[in-house]
Amino acid sequence: MDLPLALTTNSLRVTSLRQYIFNEILKSIFTGEFEAGTRLKIQYLAKRYGVSSTPLREAIIDLCGVGFAQFSLNRGAVVSAFGPQQIRDIYQVRRILEVESVHCACDCRNLKDIEEVYTETINLQVADRDENWFRRCTEIDKKTHLTIVNAAGNSHLKHEIIRYERLMNTINLIMEQDKHYEDFLSEHLEILEAMIHCDQKSAGEAMSNHINAAGKRTVEWISSLVEFQQ
Amino acid sequence: MEQSFAEKSYEYIRDKLSCGELPPGKRLVNRALASEIGVSVIPIREAIHRLVSEGLVIHVPGAGAFVRKANREDLDNLYVLRDALESCVAAEASRYITGEQLEELEELLVRAKRDVEEIRKQPQGHSNRQQLEHWLDDERQFHELLVEASRNPLLAKVINEHRAISNIFDAQRHDPRLLTVRVAEETCRFKAEFLQVLRNRDASLARKLMSQQIQCGRKMVIEYFKYQKRNQN
């Protein structure tokens, strides 16, 4: 099968074996190689990716955590149904979590970290669009959401939000979000600005809009991928 | 084969957590659990890994795995998250709930009202053990139905995991004396009002009511927490 370029490149920067396997399985789900109902067999996958079973099990638990697979009795982990609707579901959950995160963070007295990310984002907006720029954009994306949930100071919320970090990382990398970076930078600035002004309501709305926009971009991409398969 | 052992171990430990036999703060000893269940330590390790991912167990590097223990702040945080998630479910459910699902909720309400009358007959003015268990079962069903009606399986999964964490904390709170006629009546009132809002398909009111209900629950848990602290001192 011919694959879209983004899925064939090996340019993904991999931070850990766990993330690497997570990416690989996810790509196979995106391309339709692993259809709904496919069993994620440890022995087979360990051989396929040339890894031991430990990071593989971790990656499978991570995939289950964000809904791409589920444990079923006596069958181990099984791939869930996948399509635009599932992506919408994921972004709906993320929106609830991230909006709550912004709301809680607005009660935080110390805005130093938020201000720092704000300045960094502004600097990025005016920086040269060189190769480094894209890398810095993905980094600031991660950092912004993490800084907000840290300011929110709710460990349960953080635990939930971090589940999606690995997934968003993969999606950003294989989706070639480059052309959307301009959009998300200005969306982030809107959120951060409202937070600095302690405007809880506007900050929450800005975050809600940001996640909705990101969800829409991803759904469009996934839909084109599904069309491509047919 | 190995997979099913992991599954078996997972179910076993989870049951022990939710009934309170493995209380918060208790260390999970791989080898002891393995011989108890009759499996090797490998599936135990995997089961614990899953429980860590679900937030029921915490892993302390160098010390091992422990049943999650809550302090007041932790409980508060849990309720903040549940409020956000479950009020959103309430709003979504009001959009998508089917006639059949509404009927099932209706039936649970009728049963709850019947339970109130049974509890009223008790001489001490609160439930007995059997009534409490029946009540909690129906409560769980009511919420599961709602979550199902929201039509987002991922949201359902996240909520169920947090309800499971709440259950661990609640296991010690499962005291029939806490289910008084007044508490039961108030819950019925909420359910009746909430059902009406669902029938009217009023998303914003559904969200508001659910949020209030969760804040009520939060207040009760915090009060119980303080009460226990006082009794310990």
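Bear in mind that the values here come from a model prediction, so they are computed numbers and not experimental data. Counting starts from 1 at the beginning of each chain's written sequence and moves along it residue by residue. Going through the entries in the order they are written, you letter the chains from A and number the ligands from 1. With pLDDT at 70 or above as the cut-off, local features in this predicted model cover only qualifying residues; side-chain atom pairs require 80 or more to be listed or tallied, and sums for whole chains, interfaces and linings still use all residues.

Examining the overall build of chain B
Link 1 in the chain: A tally of helices and strands in chain B yields nine helices and three strands.
Link 2 in the chain: Per the convention used, a helix needs a DSSP run of H or I reaching at least four residues, while a strand needs a run of E reaching at least two, with both numbered from the N terminus. Its helices and strands taken in sequence order, chain B reads α-β-α-α-β-β-α-α-α-α-α-α from the N to the C terminus.
Link 3 in the chain: The globule rule used here is 2.2 Å times the number of residues to the 0.38 power, and the radius of gyration it is set against is calculated over C-alpha atoms. The C-alpha atoms of chain B give 19 Å as radius of gyration, which agrees with the globular expectation for 233 residues (17 Å, within 12%).
Link 4 in the chain: Considering only C-alpha atoms, chain B reaches an extent of 55 × 45 × 30 Å along its principal axes.
Link 5 in the chain: Burial in this document is a count-based property: other C-beta atoms within 10 Å of a residue's C-beta are tallied, and the residue is buried at 20 or more, exposed at 12 or fewer, or partly exposed in between, with C-beta positions derived from the backbone. By residue count, 32% of the 233 residues in chain B fall in the buried class.

Some thoughts on the sheet that holds strand E3 (residues 64-67) of chain B
Strand pairing in a sheet relies on backbone hydrogen bonds. The paired strands run either parallel or antiparallel.
All names here are of chain B.
Link 1 in the chain: Whether two strands pair depends on DSSP finding at least two bridges between them. Here three strands make up an open sheet; going across it, the order is E1-E3-E2 and the pairing antiparallel. The outermost strands of the open sheet, each flanked by one partner alone, are strand E1 (27-28) and strand E2 (57-60).
Link 2 in the chain: In the sheet, E1 pairs with E3 via two bridges, with the strands oriented antiparallel. Among the inter-strand pairings, Arg 27 is bridged to a residue of E3, identified as Phe 66.
Link 3 in the chain: Contacts from helix H3 (residues 41-53) reach E1, E2 and E3, with the element oriented near 105° to E2. Once C-beta atoms have been placed from the backbone, residue pairs whose C-beta atoms lie within 7 Å are recorded as contacts. To get an axis, a line is fitted to the C-alpha atoms, and for a helix only the part in contact is used. The angle between two axes follows their N-to-C directions and goes from 0 to 180 degrees.

Points about the confidence of the model for chain A
Segments scoring low in pLDDT should not have their predicted coordinates read at a detailed level.
Link 1 in the chain: Of the residues in chain A, 90% reach a pLDDT of 70 or more, and the chain-wide mean stands at 86.
Link 2 in the chain: pLDDT measures the predictor's confidence residue by residue and takes values from 0 up to 100. No element of chain A has a lower mean pLDDT than helix H1 (residues 5-8) of chain A, at 40, and none a higher one than helix H6 (residues 112-126) of chain A, at 95.

Describing the nonpolar core
Link 1 in the chain: Here a nonpolar core is just a set of buried residues of the types Ala, Val, Leu, Ile, Met, Phe, Trp, Tyr and Cys, joined wherever their C-beta atoms sit within 7 Å. With 104 residues, the main nonpolar core has Ile 25, Ile 60, Leu 63, Val 102 and Met 195 of chain A together with Leu 85 and Val 89 of chain B as its most contacted residues.
Link 2 in the chain: Among the elements that make up this core, the one with the highest residue count is helix H4 (residues 72-96) of chain B (10 residues).
Link 3 in the chain: When neighbours within four sequence positions are excluded, Leu 85 of chain B is seen to be in contact with Ile 96 of chain A together with Leu 155, Val 158, Ile 159 and His 162 of chain B.

A look at the interface of chain B and chain A
Interface size is commonly expressed as the accessible area that is lost once the parts come together.
Link 1 in the chain: Of the residues lining the interface, 22 residues belong to chain B; the matching set on chain A comes to 21 residues.
Link 2 in the chain: Elements with a contribution of two residues or more to the side of chain B that touches chain A: helix H1 (2-18), H3, H4 and helix H7 (153-170) of chain B.
Link 3 in the chain: With eight residues, H4 of chain B is the largest single contributor of residues to the side of chain B that touches chain A.
Link 4 in the chain: For the side of chain B that touches chain A, a count of residues per class yields 10 nonpolar, seven polar and five charged. Classes in brief: Ala, Val, Leu, Ile, Met, Phe, Trp, Tyr, Cys and Pro nonpolar; Asp, Glu, Lys and Arg charged; the others, Gly included, polar.

With respect to the confidence of the model for chain B
Link 1 in the chain: On average, residues of chain B carry a pLDDT of 88, and 97% of them reach 70 or more.
Link 2 in the chain: Scored as a complex, the prediction yields pTM 0.85 and ipTM 0.80.

Observations regarding the pairing of strand E2 (residues 76-79) of chain A
Residues and elements named next belong to chain A.
Link 1 in the chain: When strand E1 (residues 69-72) meets E2, the two strands line up antiparallel, connected through four bridges. Along E2, the bridge assignment pairs Ser 72 with Gly 76.
Link 2 in the chain: Between E1 and E2, which follow one another and run antiparallel, lie three residues, and Asn 74 among them has a positive phi close to 65°.

Digging into the packing of helix H3 (residues 42-49) of chain A against helix H4 (residues 53-65) of chain A
What describes two packed helices is the angle between their axes and the distance between those same axes.
Residues and elements named next belong to chain A.
Link 1 in the chain: As a packed pair, H3 and H4 sit with axes 10 Å apart at the nearest point and diverge in direction by 115°. Taken together, H3 and H4 sit at an angle that is classed as roughly perpendicular. For the element pair H3 and H4, the recorded crossing hand is right-handed. Residues Ile 42, Leu 45 and Ala 46 of H3 pack against Ser 53, Leu 56 and Arg 57 of H4.
Link 2 in the chain: For the contact of H3 with H4, the per-class residue count stands at four nonpolar, one polar and one charged. In what follows, roughly perpendicular refers to angles from 65 to 115 degrees, roughly parallel to angles under 35, roughly antiparallel to angles over 145, and oblique to any angle outside these ranges. Less than a right angle of anticlockwise turn of the near helix away from the far helix marks a crossing as left-handed, whereas a clockwise turn marks it as right-handed.

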